[in-house]
Amino acid sequence: MDRPTVVDSHQHFWDPARADYPWMTDEVAAIRRPFTPGDLRPALETAGVDYTVLVQTRSSEDETRAFMATAAATPFVAGVVGWVDLTAPDVADRIAALQARPDGATLVGIRHQAHDEPDPRWLLREDVRRGLRAVRDAGLAYDLLVRTRELPAALETARAFPDLRFVIDHIAKPPIKDGETEGWAAALSPFREHERVCCKLSGMVTEADWGAWTPADLQPYIDRVGDIFGEDRLMFGSDWPVCLLAAPYATVYDTLREALRALSSPDQDKIFGANAMRFYRLHHKNAPFDLTAQEQAGGHVEVGRQGQILVDRFDARDTRVMRVGPVAITPATRDPNRATFSAWRRSRTPAPTTPTPNPQPPTPNPQPPTSCVNACLSSRADPACFGPRLDIGA
């Protein structure tokens, strides 16, 4: 490709005529119809999105198998986050059976609608933890579908499974419509220290006022998760077709692009593609892979057992060099004292200028403004200004 690969890390298909969706109430009647790859393809082409991750919509292994078949037959679907019964005694065997299918390489993760469980600590049940061990041992990721209520249990789970890749869907569904941030942000902030936990910038428009939201309503939430997770642990997701309740695909995509415009191009490339490829170890079929962009992201590429391309974060403590043909990709140098995401955003936002009739030449060696942002970027005097080192683990 002549540009960085763009990945939508979160989209769905469904057909209410063929299956039951308990969450599909009259409130969402506008999307209570079939949605297929043919419906999504034009929106992807318009936005310039290359690949997607297809995510489960109901508690059904039949749906998981159907989605895997869809991914195998659909060029733009790079992976599937499916469902298995984590509480089943034979959960490891069930996952192994899915991976043994001819289309088994398409399965990249597992998800359960934990926020629909009556018990906010459902994730901490021993039978659920047995299932999560099976997910980990199978080399899959786990999507955390939670709200503020379930975030404490999600945090305990991340601590209990430091070698399992987690991603929080929909920034944990904060009450954007009400404008409340504090309780949600307080519960989400401890994930800052858990480098293997990522977060999807998805599902925000449907947590806002469907008919009256503005980009300004979303910006405080985007800034907050950016400050917590950093540009290496965030990924774009449309949540199509759920997003259609509040906005068309193009609006969702363009709104996030605009919200992140102050970031550098390499950082935007991570959020809009490279991070999802690394996190889910995506299968890119026969599409060429942008090695330059991946090298900038500090990762490596290897070929999996079934010929799929695996993309992963190169551990900075690991001196290996992975090779794909004649190409060697080594880890990028990271600055552990880099300023936080929000400071970076503000520092990159051009200041408004007022033209003058007789502009004066610049003053030599001007002193920087005494703001927190500039203090963060130019000094190590205040450690609180700096975010942690943020890498996705292998």
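Residues numbered from 1 in each chain as written. Predicted model: local features only at pLDDT ≥ 70, side-chain atom pairs only at ≥ 80, totals over all residues. Heavy atoms only, no water.

**Q** When you look at the environment of A276 in this model, what are you seeing that I'm missing?
**A** In this fold, A276 is placed in helix 9 (residues 265-280). For A276, a relative accessible area of 1% corresponds to the buried category. If we skip the residues at most four places from it in the chain, A276 touches V7, S9, M235, R281 and L282. (Helix = DSSP H or I, 4+ residues; strand = E, 2+ residues; numbered from the N terminus. Buried < 20%, exposed > 50% of the residue type's maximum accessible area, 1.4 Å probe, protein only. Contact = heavy atoms within 4.5 Å.)

**Q** In this structure, what is going on with helix 9? I would like to understand it.
**A** An α-helical turn contains 3.6 residues, so a residue and the one three or four places further along point in the same direction. Under the 1.5 Å per step criterion, the end-to-end length of helix 9 is 22 Å for 16 residues, consistent within 8% with the ideal 22 Å. The largest bend along helix 9 reaches roughly 55° and is located at I271. With 13 of 16 residues buried, helix 9 is to be regarded as a mostly interior element. Backbone geometry just after helix 9 places R281 at a positive phi near 50°. (Expected span 1.5 Å × (residues − 1). Bend = angle between axes of the 7 residues up to and from the residue.)

**Q** Looking at this structure, how should I read the side chain of E63?
**A** When you line up the elements, E63 lands in helix 2 (residues 61-73). Residue class for E63 comes out buried when judged on its relative accessible area of 4%. Leaving out residues up to four positions away in the same chain, E63 has contacts with Y21, Q56, T57 and R58.

**Q** Got a minute to help me understand the packing of helix 3 (residues 91-100) against helix 4 (residues 126-137) in this structure?
**A** For any two helices packed against each other, one specifies the inter-axial angle together with the distance between the axes. Packing of helix 3 against helix 4 leaves a shortest axis separation of 9 Å and a crossing angle of 30°. It follows that helix 3 is roughly parallel to helix 4 by the angle criterion. Read as a crossing pair, helix 3 and helix 4 show a hand that is right-handed. Facing V91, A92 and I95 of helix 3, the residues of helix 4 in contact are R130, G131, A134 and V135. (Axes fitted to C-alpha atoms, helices over the stretch in contact; angles between N-to-C directions. Parallel < 35°, antiparallel > 145°, perpendicular 65-115°, else oblique. Left-handed = near helix turned anticlockwise from the far one by under 90°.)

**Q** How should the pairing of strand 7 (residues 197-201) be read in this particular structure?
**A** Working note: regular strand, side chains alternate between the two faces of the sheet. Burial runs high along strand 7: 5 of the 5 residues are buried. Burial along strand 7 is two-sided: the face carrying V197, C199 and L201 and the face carrying C198 and K200 are both buried. With 3 bridges connecting them, strand 6 (residues 166-168) and strand 7 associate as parallel partners. Note that in strand 7 the partner of I168 across the bridge is C199. Handedness of the crossover joining strand 6 and strand 7 through helix 6 (residues 182-188) is recorded here as right-handed. (Pairing = 2+ DSSP bridges. Right-handed = clockwise from strand over helix to strand, strands pointing away.)

**Q** Honestly, the environment of D267 in this entry has me stumped. Any pointers?
**A** Structurally, D267 can be placed in helix 9. Each C-alpha atom, one on D267 and one on D232, is 7.7 Å from the other, the two residues being 35 residues apart in sequence.

**Q** Help me out: how do you make sense of the confidence of the model for the protein chain in this one?
**A** The predicted structure's coordinates, where accompanied by low pLDDT, should not be read in detail. Mean pLDDT over the protein chain stands at 80; residues scoring 70 or higher make up 71%. In this model, residues 286-340 is a region of pLDDT below 50 whose contacts with residues beyond four sequence positions or in other chains number 113 contacts. Contacts for the low-pLDDT stretch residues 346-394, under 50 throughout, to residues beyond four places or in other chains number 61 contacts. (pLDDT = per-residue confidence, 0-100.)

**Q** Please clarify how the packing of aromatic side chains should be interpreted in this entry.
**A** Any aromatic ring pair is given by two values, namely how distant the centres are and how the planes are angled relative to each other. The tally for this structure, following the rule as stated, stands at 12 aromatic pairs. Arranged with centres 6.5 Å apart and planes meeting at 55°, the rings of W14 and Y21 form a pair that is tilted. Judged by its relative accessible area of 4%, W14 is buried. We classify Y21 as buried; its relative accessible area is 8%. When the ring of Y21 is compared with that of W23, the centres are 6.4 Å apart and the planes differ by 75°; the resulting orientation is edge-to-face. (Phe/Tyr/Trp six-rings, centres within 6.5 Å; stacked < 30°, edge-to-face > 60°.)

**Q** Would you take a moment to explain the nonpolar core for this structure?
**A** Nonpolar side chains tend to gather and get buried jointly when the protein is soluble and globular. Ranked by size, the top nonpolar core spans 84 residues in total, and within it Y142, I168, L188, F191, L201 and F229 carry the most contacts. With 6 residues, helix 7 (residues 215-229) is the largest single contributor of residues to this core. Apart from the residues lying within four places of it in its own chain, the contact partners of Y142 are L86, I110, R111, H112, W122, L123, L132, V135, L164, R165, F166 and V167. In terms of nonpolar packing, the next biggest core, distinct from the first, is built from 17 residues, Y51, A78, A141 and A276 among them. (Core = buried A, V, L, I, M, F, W, Y, C linked by side-chain atoms within 4.5 Å.)

**Q** So what exactly am I meant to see when it comes to unusual backbone geometry here?
**A** Both trends apply: most residues other than glycine have a negative phi, and most peptide bonds are in trans. A cis amide bond, omega 0°, links W240 with the succeeding residue P241. By secondary structure assignment, the location of P241 is in the loop between strand 8 (234-236) and helix 8 (249-259). Phi is positive for I171, close to 45°, though the residue is something other than glycine. Structurally, I171 is set in the loop between strand 6 and helix 6.

**Q** Is there a simple way to think about helix 2 in this case?
**A** Taking 1.5 Å of rise per residue, 13 residues should cover 18 Å, and helix 2 covers 19 Å from first to last C-alpha, within 8% of that figure. For helix 2, the complete set of buried residues consists of E61, E63, T64, F67, M68 and A71. For helix 2, the arc enclosing every buried residue in end-on projection is 150°, short of the 170-degree limit, so these residues lie on one face. Turned more than 90 degrees from where helix 2 packs its buried face, D62 and A73 sit exposed. The distance from a side-chain oxygen at the start of helix 2 to the backbone nitrogen of D62 is 3.2 Å, and the residue carrying that oxygen is S60. (Arc of directions from axis to C-beta. Polar contact = N/O pair within 3.5 Å; in protein donor to acceptor, adjacent residues only side chain to side chain.)

**Q** Help me understand the sheet that holds strand 2 (residues 51-55) in this model?
**A** Within a beta sheet, neighbouring strands are joined by backbone hydrogen bonds and run either parallel or antiparallel to one another. Strand order in the open sheet made by the 8 strands is 1-2-3-4-5-6-7-8, with parallel pairing throughout. A single partner strand is all that each edge strand has here, and the edge strands are strand 1 (7-11) and strand 8. Across this sheet, the average inter-strand angle for adjacent strands is 25°, counted without regard to direction. Pairing analysis gives 3 bridges linking strand 7 to strand 8, with the strands arranged parallel.

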